[in-house]
Amino acid sequence: MPNDIAATDMAESLFEVIDARRDELVALTCELIRFPTINPPGEAYQPCAEFIGRRLQARGFAVQYVRALGAPGDSDNYPRINVIARREGSGAGPCVHFNSHIDVVQTGSGWTVDPFAGVVRDGKVFGRGACDMKGGLAASIIAVEALIDSGARLPGALEISGTVDEESGGYGGVHHLAERGWFSPPKVNHVIIPEPLNVDRVCIGHRGVWWAEIETHGRIAHGSMPFLGDCAVRHMHAVIERFERELYPKLAARRTDMPVVPSGARSSTLNINSIHGGQAEQQGGYPAPCVPDSCRMVIDRRLLIEESIDGVKAEVVELLEQLVRERAGFRYRLRDIFEVIPTMADRNGPVARHTAAAILRVLGRAPEFICSPGTYDQKHIDRVGKLKDCIAYGPGILDLAHQPDEYVVIDDMVASAKVMALAAWSLVNQRA
Ligand SMILES: [Zn+2]
């Protein structure tokens with residue numbers, strides 16, 4: 001580690017370089033927003049990845065494109081193209097990797113600006129993905145370029161990736177790369193994901209998730225004589241009633257030590273995502289004159305690090321089995337759809353510690369350590385890449401993600417670029 005005076009000078013000159021590139025940072029963010037990388041289906045991934053790759057190649061990075069052949073959604077029309085750029089260090093320091101997803105969610109309604117124009121107004125950049133997370137990606141690129149141009153000693157390697165499909169689970173993106181060793185030591189040692197978690201917070205992990213479908217079975221009969229059939233919707237009502245009476249109070253009482261924000265998400269939660277029962281209405285809006293023989297409900301259970309996924313599933317199965325024993329005619333089927341284990345990095349680990357110190361230096365206040373209520377690509381880096389030293393840190397405001405008129409504050413992007421540059425600099429100067 002350089003001595004304190006040198007470190008202070010270094011930080012100051014780094015900040016000057018970044019301040020001088022404010023307009024460039026804004027322009028880069030706008031350019032990234034102009035690729036309408038909507039997922040699904042995965043529009044414009046290739047041109048966006050190549051734009052990032054060309055820029056970093058010109059700055060001395062070795063650039064590789066990795067297509068996730070066979071991943072969900074991958075096709076010749078919508079290829080899942082990821083870009084990874086690496087600049088070797090001058091010595092034996094550790095590698096710091098900035099990972100951003102390039103995909104954005106659909107625009108939805110309610111926009112007052114063109115979502116893919118990259119509109120700059122009132123100190124903000126507007127557009128789909130401005131906050132989640134092209135503003136963060138642009139900040140990380142400017143941070144790393146400034147670091148290189150500052151002439152600082154950089155013994156460790158620097159990497160930047162633009163990956164796809166985060167919004168749909170990350171299987172064509174970080175998961176695919178992690179399975180192939182792109183996110184594992186010794187190649188990579190520390191990862192910062194510039195997701196929009198607010199400029200003064202360090203996000204060390206996220207809750208887990210279990211999506212499942214419960215189907216209750218009935219017996220079809222004429223709607224005028226329902227006593228001759230068995231109504232699957234009424235059986236589903238019994239499931240929901242059991243949830244209300246037994247499961248919801250239990251989940252609400254279960255609190256985690258994870259610093260999840262907002263604090264309501266420090267309990268286990270269960271969302272009833274959808275429910276479909278009986279035959280659809282016919283043309284003209286007339287109902288089918290039948291007793292429903294099937295009702296399906298999708299549940300979205302978010303779990304805490306103190307819970308096991310098996311325990312979470314067993315709790316629901318136990319309620320359903322109670323109904324089998326107690327309710328005449330009750331039959332069900334449970335289908336797993338998707339699951340993610342909770343993950344949490346050590347807040348005293350290198351990447352969290354050095355990022356926190358950089359936030360204190362840049363913003364003059366100590367950061368808050370938080371966890372995210374929903375998941376993001378850290379899960380794949382942890383579980384598949386076996387790399388624990390990973391956090392999310394970026395300039396966007398969490399609440400604006402996926403909203404109409406999404407924006408990122410330019411001052412926050414500049415501040416976060418300084419934080420990322422300073423954190424990366426101190427990390428690559430640690431022992432590998
Ligand atoms: Zn995101």
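Further up the page is the structure itself.
None of the values given here were measured: they were computed from a predicted structure.

A. Spatial organisation of the sheet that holds strand β4 (residues 119-121). Taken in spatial order, the 3 strands make up an open sheet running β4-β5-β16, and their pairing is antiparallel. Each of the sheet's edge strands pairs with one partner strand only, and the pair in question is β4 and β16 (407-409). Taking each pair of neighbouring strands and ignoring which way they run, the sheet shows an average axis angle of 25°. Across 3 bridges, strand β5 (residues 124-126) lies against β16 in antiparallel orientation. Counted as the bridge partner of K124 is V409 from β16. Lying on the sheet, helix α10 (residues 410-428) is in contact with β4, β5 and β16; it crosses β16 at an angle near 60°.

B. Layout of the pattern of salt bridges. A complete count under the given rule lists 33 salt bridges for this structure. We note a salt bridge from D411 to R22, for which the minimum N-O separation is 2.8 Å. Here D411 is found in helix α10, whereas its partner R22 is found in helix α2 (residues 22-33), with 389 residues between them in sequence. With relative accessibility at 32%, the residue R22 sits in the partly exposed group.

C. Representation of the coordination of the zinc ion in the model. Coordination of the zinc ion by the protein is provided by H101 (NE2), D132 (OD), E195 (OE) and E195 (OE), with metal-donor distances spanning 1.9 to 2.8 Å. Coordination geometry of the zinc ion: the 4 donor atoms subtend angles of 51 to 143° at the metal centre, consistent with an arrangement described as irregular. When the donor residues of the zinc ion are listed from N- to C-terminus, their spacing reads H-x30-D-x62-E. In this pair, H101 sits in strand β3 (residues 96-101) while E195 sits in the loop between β7 (190-193) and β8 (201-206), placing the two residues 94 residues apart along the sequence. Residue classification places E195 among the buried positions, given a relative accessible area of 7%.

Rules behind the numbers
- Residue numbers here run from 1 along each chain, matching the order of that chain's written sequence.
- pLDDT decides what is reported in this predicted model: residues at 70 or higher carry local features, side-chain atom pairs at 80 or more are listed and counted, and totals for whole chains, interfaces and linings draw on all residues regardless.
- In computing side-chain values, all of the structure's heavy atoms are included and hydrogens and water are not.
- If DSSP finds at least two bridges between two strands, the strands pair.
- Only DSSP runs of H or I reaching four residues or more are called helices, and only runs of E reaching two or more are called strands; each is numbered from the N terminus.
- In this analysis, axes come from line fits to C-alpha atoms, helices being fitted only over the stretch in contact, and the angle between any two N-to-C directions falls in the range 0 to 180 degrees.
- In what follows, residue pairs with any heavy atoms lying within 4.5 Å of each other are defined as contacts.
- Whenever a carboxyl oxygen of Asp or Glu lies within 4 Å of a side-chain nitrogen of Lys or Arg, that contact is scored as a salt bridge.
- Summary of the burial criterion: residues with accessible area below 20% of their type's maximum are buried, those above 50% are exposed, and those between are partly exposed, where the area comes from a 1.4 Å probe applied to protein chains only.
- Each metal's donors are the N, O and S atoms within 2.8 Å of it, or within 3.2 Å when it is Na, K or Ca, and because water is not part of the set, sites may look incomplete.
- The rule is simple: four donors are tetrahedral if all their angles sit between 85 and 135 degrees, four are square planar and six octahedral if opposite donors span more than 155 degrees and the others lie between 65 and 115, and anything that fits none of that is irregular.

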